[in-house]
Amino acid sequence: MIKIALWRLLALFFVALAFIGSILPGIPTTEIVLLAVWASANGWPKLHDWLLAHPRFGPLIKQWQTHRAIPRRAKWVAGLSMLVSTLLLIFSNAPLWVKCSLPVMMALVMFWLARRPEIPMLSCENEK
């Protein structure tokens, strides 16, 4: 019972973070939604099914599950979002360690993201 509750809490955390990431630049929403799917698959089947059926995220999730692929558009949006976040961070009053470490982390995420294969969104919808 505690194990399921922890999986659900983790899934909710990732869903909330993905929602925030869809509004704020710099938070890679696609990757966080994939983490929410992973956590919900381990403890919350209804949320898992809802995420798979979601009109915006469902096709991305299915592409990832089937091909380990992320569409080029999602990569561009993530990259531009991280670039804008880095520029905003540079001109902010954040501590120096934040200004140095966050861009490095975002660059590592972008490097990982860029290396994922691409499949056009239409091919995922044809697999339904």
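Source: prediction; values computed, not measured.

Participant: Mind showing me how you'd approach helix α2 (residues 29–43) here?
Facilitator: Three- or four-residue spacings in an α-helix give side chains the same orientation, since the helix completes a turn every 3.6 residues. Taking 1.5 Å of rise per residue, the 15 residues of α2 would be expected to cover 21 Å, and the 21 Å separating its terminal C-alpha atoms lies within 8% of that figure. Turning to α2, its buried residues are Thr29, Thr30, Glu31, Ile32, Val33, Leu34, Ala36, Val37, Ala39, Ser40 and Gly43. Elements in contact with the buried residues of α2: α1 (2–23), α3 (45–53), α4 (58–67), α5 (72–90) and α6 (96–114).

Participant: I'm lost on the confidence of the model for the chain in this one. Help?
Facilitator: When pLDDT is averaged across the chain, the result is 86; 91% of the residues are at 70 or more. Within the chain, the lowest mean pLDDT, 48, falls on helix α7 (residues 121–126), and the highest, 94, falls on α3. Here residues 123–128 is a poorly scored stretch, pLDDT under 50, and it has seven contacts once near neighbours within four places are set aside; other chains count.

Participant: What exactly am I supposed to notice about the packing of aromatic side chains here?
Facilitator: For any pair of aromatic rings, the description rests on two quantities: the centre-to-centre distance and the angle between the ring planes. A full pass over the atoms with the stated rule returns three aromatic pairs. Centroid distance Trp7 to Trp38: 5.0 Å. Interplanar angle 85°. Geometry classified as edge-to-face. Separated by 31 residues along the polypeptide, Trp7 in helix α1 and Trp38 in helix α2 bring together distant segments of the chain. Overall, Trp38 belongs to the partly exposed group, its relative accessible area being 45%. For the ring pair Trp64 and Trp112, a centre distance of 5.9 Å and an interplane angle of 55° mean the geometry is tilted.

Participant: Explanation requested: unusual backbone geometry in the structure shown.
Facilitator: If a residue is not glycine, its phi is most likely negative; likewise, a peptide bond is most likely trans. With a phi close to 55°, Arg68 is a non-glycine residue in the positive phi region. On the secondary structure map, Arg68 appears in the loop between α4 and α5.

Participant: I tried to follow the domain arrangement of the chain on my own but got confused; where do I start?
Facilitator: Accessible area lost when the parts come together is the quantity often used to give the size of an interface. Splitting the chain by domain gives domain 1 (1–67) and domain 2 (72–115). Domain 1 puts nine residues into the contact, and the matching count from domain 2 is nine residues. Counting the surface lost from both domain 1 and domain 2, the interface buries some 600 Å², and carbon and sulfur atoms represent 69% of this. Connecting domain 1 to domain 2 are zero salt bridges.

Participant: Hey, could you run me through the pattern of salt bridges in this one?
Facilitator: Side chains that differ in sign of charge can pair as their charged atoms come close. All chains considered together, the criterion is met by two salt bridges. Of the charged contacts in the structure, one is a salt bridge between Glu118 and Arg72, with a shortest N-O distance of 2.8 Å. A residue pair is termed long-range when its members are at least 10 positions apart, and Glu118 in the loop between α6 and α7 and Arg72 in helix α5 qualify at 46 residues. A relative accessible area of 36% means that Glu118 is categorised as partly exposed. On the basis of relative accessible area, Arg72 is assigned to the exposed category, the value being 51%. The partner of Lys75 in a salt bridge is Glu118, and the shortest N-O contact between them spans 3.4 Å. A residue pair is termed long-range when its members are at least 10 positions apart, and Lys75 in helix α5 and Glu118 in the loop between α6 and α7 qualify at 43 residues. When salt bridges that share partners are traced, they join Arg72, Lys75 and Glu118 into one network.

The rules behind the values
- Residues numbered from 1 in each chain as written.
- Predicted model: local features only at pLDDT ≥ 70, side-chain atom pairs only at ≥ 80, totals over all residues.
- Heavy atoms only, no water.
- Helix = DSSP H or I, 4+ residues; strand = E, 2+ residues; numbered from the N terminus.
- Expected span 1.5 Å × (residues − 1).
- Buried < 20%, exposed > 50% of the residue type's maximum accessible area, 1.4 Å probe, protein only.
- Contact = heavy atoms within 4.5 Å.
- pLDDT = per-residue confidence, 0-100.
- Phe/Tyr/Trp six-rings, centres within 6.5 Å; stacked < 30°, edge-to-face > 60°.
- Domains from an automatic or database assignment.
- Buried area = accessible area lost by both parts, 1.4 Å probe.
- Salt bridge = Lys/Arg side-chain N within 4 Å of Asp/Glu carboxyl O.

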